[in-house]
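Now for the letters of each chain:
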Amino acid sequence: LEQVAEISGVRYRVVALPRPAALAVGYAALLYGRLGGNPPLTPGWVRSFLGDWRADSEPARRDFGYAAHPARERLAETIAWIRSASPARWPVAA
């Protein structure tokens, strides 16, 4: 997240919560959404964030000739794409 903040120029406070507390926040946000608000996250998103998403790219390299690119470069491309897709929804650093 630190690299995303550096590249985008936008920083948010990040709070680490234990799994049960994070899920409780997700369910509270879901209730907020059902009451007419726009929930910033849901229990499903919380579960996605809590997952272990590490992977080994060696099979892709071996079988398909995959070549990894620097993460910072890909993050910059992704941030630019998100901003171009819906500029009104995403903060832009001054």
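The structure this text deals with has already been given above.
First, a word on scope: everything that follows refers to the structure included in this document.

Definitions and limits used
- Residues numbered from 1 in each chain as written.
- Predicted model: local features only at pLDDT ≥ 70, side-chain atom pairs only at ≥ 80, totals over all residues.
- Heavy atoms only, no water.
- Salt bridge = Lys/Arg side-chain N within 4 Å of Asp/Glu carboxyl O.
- Helix = DSSP H or I, 4+ residues; strand = E, 2+ residues; numbered from the N terminus.
- Buried < 20%, exposed > 50% of the residue type's maximum accessible area, 1.4 Å probe, protein only.
- Axes fitted to C-alpha atoms, helices over the stretch in contact; angles between N-to-C directions.
- Parallel < 35°, antiparallel > 145°, perpendicular 65-115°, else oblique.
- Contact = heavy atoms within 4.5 Å.
- Polar contact = N/O pair within 3.5 Å; in protein donor to acceptor, adjacent residues only side chain to side chain.

### Concerning the pattern of salt bridges
Taken as a whole and assessed by the stated rule, the structure comprises 6 salt bridges. Here Glu6 and Arg72 are joined by a salt bridge, their closest N and O atoms 3.3 Å apart. In this pair, Glu6 sits in helix H1 (residues 2-8) while Arg72 sits in helix H5 (residues 71-85), placing the two residues 66 residues apart along the sequence. In this structure Arg72 comes out as partly exposed when scored by relative accessible area, which is 40%. For Asp52, the salt bridge is made with Arg54, and the minimal N-O distance between the two is 2.7 Å. Here Asp52 falls in the exposed class, since its relative accessible area comes to 53%. A single salt-bridge network, built from bridges that share partners, covers Glu73, Arg74 and Glu77.

### Some points on the packing of helix H2 (residues 19-34) against helix H3 (residues 43-50)
Remark: H2 packs on H3, axes separated minimally by 8 Å, with the N-to-C direction vectors making an angle of 150°. Here H3 runs roughly antiparallel to H2, going by the angle between their axes. Residues Arg19, Ala22, Leu23, Gly26, Tyr27 and Leu30 of H2 pack against Pro43, Val46, Arg47 and Leu50 of H3.

### A closer look at the side chain of Ser8
Mapped onto the secondary structure, Ser8 falls in helix H1. Among the residues examined, Ser8 registers a relative accessible area of 9% and is labelled buried. Within the structure, the side chain of Ser8 is placed 2.8 Å from the backbone oxygen of Val4, a separation counted as a polar contact. Here the side chain of Ser8 touches Val10 through a polar contact of 3.1 Å, landing on its backbone nitrogen.

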